Amino acid sequence: MGFPLIQAIFCVTVLAQASAEAGTLTILYNPQVTNSPEQLRLWSESELSKRPQQGNISLKELVEVSSESLNDLKLSEVDLFNFYDPSGKIIARVPRFLIWRDRVRLKIDPKLKTISARVLPTEGQLVPFAEMDVASLARVEMVNSWKQYPGIRLALRTNPAAVRGEKLLTHNCLSCHSLPKNPPFNVKAACGLPRNALNAKHGDRWGHALDEYAHRGLQAYCEAASLSGLDSGNLSIR
């Protein structure tokens with residue numbers, strides 16, 4: 001066996017070992033929701049273990065360090081974070097404001113070599129917090145909700161209530177209904193339900209039921225979506 005071949009085998013082995021021992025958390029930037037996201041940083045277990053308040057690691061701080069190369073314009077394109085498990089399966093979608101308000105905490109399990117994530121409930125927010133807690137987190141992807149949910153954005157944005165309803169969909173409804181384990185969100189069916197029926201339909205899974213203010217926003221969105229032809233069926237998820 002010649003030296004070049006031995007050297008090649010050695011390099012491949014080293015690379016394979018490096019990949020296997022590589023960071024346990026990858027931060028990705030992908031506002032256009034393409035198949036080729038930009039990797040901002042790969043955090044190793046040892047790096048995470050050295051973070052302040054180990055066992056209660058701030059995802060906001062990790063994202064800030066990871067995105068130092070991005071300017072304000074690029075950061076402004078991000079309003080949604082996708083969470084993936086080690087197999088590449090989408091396990092949660094978290095609105096940006098929860099990251100920016102430092103409401104997401106990570107914890108390392110040194111025995112299982114996994115990272116869990118929990119979202120701290122925020123008073124007054126209609127967000128399904130329990131749905132966003134994950135047991136094994138491997139990738140965090142920064143995306144744009146309008147690209148992630150094609151067809152949700154209203155073309156006519158002159159009605160503040162309708163825009164508020166659109167935000168309710170991206171921050172609340174689709175945090176659950178965009179995941180494979182839950183049924184897709186049908187705009188027409190949801191718009192046809194009165195507030196009490198809509199709240200009762202979800203049972204105990206809701207941390208907060210829709211109040212009248214939130215429901216008015218949803219109804220305004222429904223009316224605007226109907227005029228725009230967006231209420232014909234399930235919203236598309238990428």
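Residues numbered from 1 in each chain as written. Predicted model: local features only at pLDDT ≥ 70, side-chain atom pairs only at ≥ 80, totals over all residues. Heavy atoms only, no water.

Undergrad: Is there a simple way to think about the layout of surface pockets in this case?
TA: Gaps left between atoms are located by rolling a probe of water-molecule size over the structure's atoms. Taken as a whole, the largest pocket encloses approximately 590 Å³ of empty space. In terms of lining, the largest pocket is formed by 29 residues, of which the most central are Gln125, Arg164, Lys167, Leu168 and His171. Where the lining of the largest pocket is concerned, the elements lending two or more residues are helix H5 (96-100), helix H6 (145-148), helix H7 (160-177) and helix H10 (212-228). Looking at the lining of the largest pocket residue by residue, the class counts come to 10 nonpolar, 10 polar and nine charged. (1 Å grid on protein atoms, 1.4 Å probe; cavity = no way out; pocket = protein on both sides within 12 Å on 5 of 7 lines; lining within 4 Å. Points joined across faces, edges and corners; volume = space filled by probe spheres on them. Helix = DSSP H or I, 4+ residues; strand = E, 2+ residues; numbered from the N terminus. Nonpolar A, V, L, I, M, F, W, Y, C, P; charged D, E, K, R; others polar.)

Undergrad: What am I meant to see in the sheet that holds strand E5 (residues 90-95) here?
TA: What holds strands together in a sheet is hydrogen bonding between their backbones, with the strands either parallel or antiparallel. Ordered by their spatial adjacency, five strands build an open sheet running E2-E1-E8-E4-E5, and the pairing between neighbours is mixed. Across the chains shown, the open sheet's two edge strands, defined by having one partner strand only, are strand E2 (38-43) and E5. Direction aside, neighbouring strands of the sheet carry axes that sit 20 degrees apart on average. Examined bridge by bridge, strand E4 (residues 80-84) and E5 share five bridges and lie antiparallel to one another. In the strand pairing of E5, phenylalanine 83 is matched with alanine 92. (Pairing = 2+ DSSP bridges. Axes fitted to C-alpha atoms, helices over the stretch in contact; angles between N-to-C directions.)

Undergrad: Help me understand the packing of H7 against H10, please; the structure alone is not making it clear to me.
TA: In a packed pair of helices, the relevant descriptors are the angle between the two axes and the axis-to-axis distance. Two elements in contact, H7 and H10, have axes whose closest approach is 7 Å; the angle formed by their N-to-C orientations is 100 degrees. Classified by the angle between their axes, H7 and H10 sit roughly perpendicular to one another. Across the interface between the two elements, Ala161, Ala162, Arg164, Gly165, Glu166, Leu168 and Leu169 from H7 touch Tyr213, Ala214, Arg216, Gly217, Leu218, Ala220, Tyr221 and Ala224 from H10. Grouping the constituent residues of the contact of H7 with H10 by class yields 10 nonpolar, two polar and three charged. (Parallel < 35°, antiparallel > 145°, perpendicular 65-115°, else oblique. Contact = heavy atoms within 4.5 Å.)

Undergrad: Can you help me understand the pattern of salt bridges in this one?
TA: Any two side chains of opposite charge can pair, on the condition that their charged atoms come close. Tallied over the full model, the rule gives nine salt bridges. Glutamate 131 serves as the salt-bridge partner of lysine 181, at 3.5 Å between the closest nitrogen and oxygen. Here the residue lysine 181 occupies a position in the loop between H7 and helix H8 (187-191), and glutamate 131 occupies one in the loop between strand E7 (114-119) and strand E8 (139-143), the gap between them amounting to 50 residues. Given the relative accessible area of 15%, glutamate 131 is considered buried. The shortest N-O distance in the salt bridge between arginine 195 and glutamate 212 comes to 4.0 Å. (Salt bridge = Lys/Arg side-chain N within 4 Å of Asp/Glu carboxyl O. Buried < 20%, exposed > 50% of the residue type's maximum accessible area, 1.4 Å probe, protein only.)

Undergrad: It is not clear to me how the state of the cysteines should be interpreted in this structure. Could you clarify?
TA: In a disulfide, the sulfur atoms of two cysteines are held together by a covalent bond. All told, the structure shown has one disulfide when counted by the stated rule. Here cysteine 191 engages in a disulfide with cysteine 222; their sulfurs sit 1.7 Å apart. Residues cysteine 191 and cysteine 222 share a disulfide whose torsion about the S-S bond is about -85 degrees; that sign makes it left-handed. Remark: cysteine 222 occurs in helix H10 and cysteine 191 occurs in helix H8; sequence separation between them is 31 residues. (Disulfide = S-S within 2.5 Å.)

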